[in-house]
Amino acid sequence: IPSSVYKIEEYAFNGCRSLLEVTIPPLVTEISRYTFSGCSSLKKVFSEPNSKCKYIEMCAFNECTSLVQIDLPPNVLLIDNSAFFHCCSLTKIEIPASVRCISKKAFAKCSSLKEVVIKSPSSLEVIEDNAFIDCISLTEIPTINSQSG
């Protein structure tokens, strides 16, 4: 995706089964609803360090069953409903200190998810119902205080 892109519309890459990797351009302010939903071969998602992305909207990466790595944008505020629903190959996720809300079923059915690191638990205001339901491999959620690490 070219670095000049500032908006990726809903469903833009929905169902692109050959897409393997994507870097979110730094000017994009949100990853819209269903943008990468059903991209069953997508393995890696990268965000630029200077990313302006604040929102990962509903079902943005829903059913990305091969997704093993995602670098969430460093300034993201919201991980919306079912954003990573059934990303069953995802094993680890780091929640940036900027995140205020992890919505309903955001990581539901991520059956291989073993580790969730919350960078600043004091900044996280809400973890909604069933945010991690059916994450059968998840045994603990360690936290890292953003002031110390």
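Novice: When you look at the pairing of strand β3 (residues 44–47) in this model, what are you seeing that I'm missing?
Specialist: Consecutive side chains along a regular strand alternate between the two faces of the sheet. Only one face of β3 is buried, namely the one carrying V45 and S47, since none of K44 and F46 on the opposite face is buried. Strand direction decides the pairing type here: strand β1 (residues 21–24) and β3, joined by four bridges, are parallel. For T23, the partnering residue across the bridge sits in β3 and is F46. Here two bridges tie β3 to strand β5 (residues 69–70), and the two strands are oriented parallel to one another. In the sheet register, K44 faces β5, and the bridge partner there is Q69.

Novice: Would you mind showing me how to read the sheet that holds β3 here?
Specialist: Ordered by their spatial adjacency, three strands build an open sheet running β1-β3-β5, and the pairing between neighbours is parallel. Lying at the two open borders of the sheet, with one neighbouring strand each, are β1 and β5.

Novice: Explain the layout of surface pockets here, please?
Specialist: To find leftover empty space, one rolls a probe the size of a water molecule over the atoms. The space that makes up the largest pocket amounts to roughly 220 Å³. The wall of the largest pocket is formed by V68, Q69, I70, D71, L72, P74, K92, I93, E94, I95, P96 and K119. Breaking the lining of the largest pocket down by element, the ones donating at least two residues are β5 and β7 (92–95). Of all the elements, β7 adds the most residues to the lining of the largest pocket, at four residues. When the residues that make up the lining of the largest pocket are grouped by side-chain class, the tally is seven nonpolar, one polar and four charged.

Novice: Mind showing me how you'd approach the packing of aromatic side chains here?
Specialist: Taken as a whole and judged by the stated rule, the model has six aromatic pairs. Measuring from centroid to centroid gives 4.9 Å for Y11 and Y34, while their planes differ by 5 degrees, and the two rings are stacked. Residue Y11 is found in the segment before β1, and its partner Y34 is found in the loop between β2 (30–31) and β3; the two are separated by 23 residues along the sequence. Taking the relative accessible area as the measure of exposure, Y11 reaches 43% and is therefore partly exposed. Where F36 meets F61, the ring centres are 5.2 Å apart and the plane angle is 10 degrees; that geometry is what we call stacked. In this pair, F36 sits in the loop between β2 and β3 while F61 sits in the loop between β4 (55–56) and β5, placing the two residues 25 residues apart along the sequence.

Novice: What exactly am I supposed to notice about the pattern of salt bridges here?
Specialist: Where side chains of opposite charge bring their charged atoms close, a pairing between them can arise. Going through the model one piece at a time under the given rule, you end up with five salt bridges. Of the charged contacts, one joins K92 and E94 as a salt bridge, the two residues approaching to 3.4 Å between their closest N and O atoms. Among the salt bridges present, the one from K119 reaches E94, with a minimum N-O distance of 3.2 Å. Placement of K119 in the loop between β9 (115–118) and β10 (126–127) and of E94 in strand β7 is noted, with a sequence separation of 25 residues between them.

Novice: Quick question: what am I supposed to make of the nonpolar core here?
Specialist: Generally speaking, nonpolar side chains in soluble globular proteins are found buried as a group. F61, I79, F84, I95, I102 and F107 are the most contacted members of the largest nonpolar core, which totals 38 residues. At the level of secondary structure, the elements contributing two or more residues to this core comprise β1, β7 and β9. When near neighbours in sequence (up to four residues on either side) are disregarded, I95 contacts L72, I79, I102, F107, V116, V117, I118 and K119.

Here is what the cut-offs are and how they apply
Residues numbered from 1 in each chain as written. Predicted model: local features only at pLDDT ≥ 70, side-chain atom pairs only at ≥ 80, totals over all residues. Heavy atoms only, no water. Buried < 20%, exposed > 50% of the residue type's maximum accessible area, 1.4 Å probe, protein only. Helix = DSSP H or I, 4+ residues; strand = E, 2+ residues; numbered from the N terminus. Pairing = 2+ DSSP bridges. 1 Å grid on protein atoms, 1.4 Å probe; cavity = no way out; pocket = protein on both sides within 12 Å on 5 of 7 lines; lining within 4 Å. Points joined across faces, edges and corners; volume = space filled by probe spheres on them. Nonpolar A, V, L, I, M, F, W, Y, C, P; charged D, E, K, R; others polar. Phe/Tyr/Trp six-rings, centres within 6.5 Å; stacked < 30°, edge-to-face > 60°. Salt bridge = Lys/Arg side-chain N within 4 Å of Asp/Glu carboxyl O. Core = buried A, V, L, I, M, F, W, Y, C linked by side-chain atoms within 4.5 Å. Contact = heavy atoms within 4.5 Å.

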